[in-house]
Amino acid sequence: MLRLDGRVAIVTGCGSSAPGWGNGKAIATLLARQGATVYGVDLSLEAAEATREIVQEEGNSLHAAACDVTDSAQVNALVADCVARFGRLDILINNVGRSEPGTPESMDEQVWRDQLDLNLTSAFLTSKAALPVMAAQGAGAIVNISSIAGMRWVGKDQVGYAAAKAGLVQFTKVTAVAYAAKGVRLNCVVPGLMFTPLVERLAQRYNQGDYEGMVAKRHKQVPMGRMGDAWDVAHAALFLSSDEARYITGTELVVDGGITAFTGLPD
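Described below are features of the structure shown in this document. (Residues numbered from 1 in each chain as written. Predicted model: local features only at pLDDT ≥ 70, side-chain atom pairs only at ≥ 80, totals over all residues. Heavy atoms only, no water.)

### Focus on the packing of aromatic side chains
Scanning the entire structure with this criterion turns up two aromatic pairs. Centroid distance Trp21 to Trp231: 4.8 Å. Interplanar angle 55°. Geometry classified as tilted. Residue Trp21 is located in the loop between β1 (8–12) and α1 (23–33), and its partner Trp231 is located in helix α8 (residues 230–241); the two are separated by 210 residues in the primary sequence. Between Tyr39 and Phe86, the ring centres sit 6.5 Å apart and the planes meet at 90°, which makes this aromatic pair edge-to-face. With Tyr39 in strand β2 (residues 37–42) and Phe86 in helix α3 (residues 72–86), this residue pair connects regions lying 47 residues apart in the sequence. Residue Phe86 is classed as partly exposed on the basis of its relative accessible area, which comes to 31%. (Phe/Tyr/Trp six-rings, centres within 6.5 Å; stacked < 30°, edge-to-face > 60°. Helix = DSSP H or I, 4+ residues; strand = E, 2+ residues; numbered from the N terminus. Buried < 20%, exposed > 50% of the residue type's maximum accessible area, 1.4 Å probe, protein only.)

### What to know about the pairing of strand β6 (residues 184–191)
Within β6, eight of the eight residues are buried, leaving the element largely enclosed by the surrounding structure. Side-chain alternation along β6 places Val184, Leu186, Cys188 and Val190 on one buried face and Arg185, Asn187, Val189 and Pro191 on a second face that is also buried. In this sheet, β6 lies alongside strand β5 (residues 140–145) in parallel orientation, the contact comprising six bridges. Of the residues in β6, the one forming a bridge with Ile145 is Val189. Judged from the four bridges that link them, β6 and strand β7 (residues 252–255) form a sheet pairing that is parallel. Each residue of the ladder has a partner; that of Cys188, found in β7, is Glu252. (Pairing = 2+ DSSP bridges.)

This is the structure we're talking about:
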C-alpha cells in the first residue's frame, strides 16, 4: 500500500533550517522511501542538499535544487527542468510557509504582502506551472500544506499567515473542482501544533525567546497532550498523494491531535 513506484514528485521547502525533521524534509524522505523520484527544492540549496544526502544514503532518489517559489520565472524553470529530467510530473507538494506576528494595526503592509506571497501565491505559481503537465498526462496529485491557523485562532496574532492559510484551503477546493474531470486531484493537509525545528524560531517571535515555555504551552493546547511531529504531516501527505486516495479531492485532512474539535475545558 501507499507505493509511489514510477512517480515523480516535486516537494517545495524540502530542507530544514535547523537540525531535526521539518515537514518538507520528512515528506521528501518518505515519498522517496515509497518509491517516488523526488525533485526537492528549497530557498537554501544547502538545506535541500542535506535532505538529498539522507535520501541517497537510504538508497532512494532525490534531485536537489534551489528555488524561490514566490518567483514565477524560477517556478516555471523548476517544473520545466523536472519534466526534462524525468519525463513527467505526478505529485506536487506545496510545503513552504512562514508565520510573522501582527494584527492589521501592527503589521507592516510589506510584511502582509510577503506573508500572502510565501504562504499562498507560491502554491498558485507552482500549481499554474504543474497543472498543464498533469492534465496532459490525465493524472496528478497536488497536496497543499495549510495550517489550523487558517481555521481558528491558535494563541498567536498572525493575521497574514492565518489569512493566507485559509485562502490556501479555498484555492485547493476551487482548483480541485476545475480539474477533477482531467484526472488531477488537489487536497490539503492541515497540521496543528507540530514539534519541529520551527518551534525555536516561533519562540523568538511569539514568546520572548522562551523555548521551553513555548514547548510546554503548545503541548498543553493539544487535547492529546502533545504536539505532533513532521512524520505525522508526511504520512498524511503520502496518503493524499497515493492511489489509495484516488477518489479524494477538494478536501482537507486535519492532523492536529484534536485541537480544532476542542472548545476548551470549563472552569
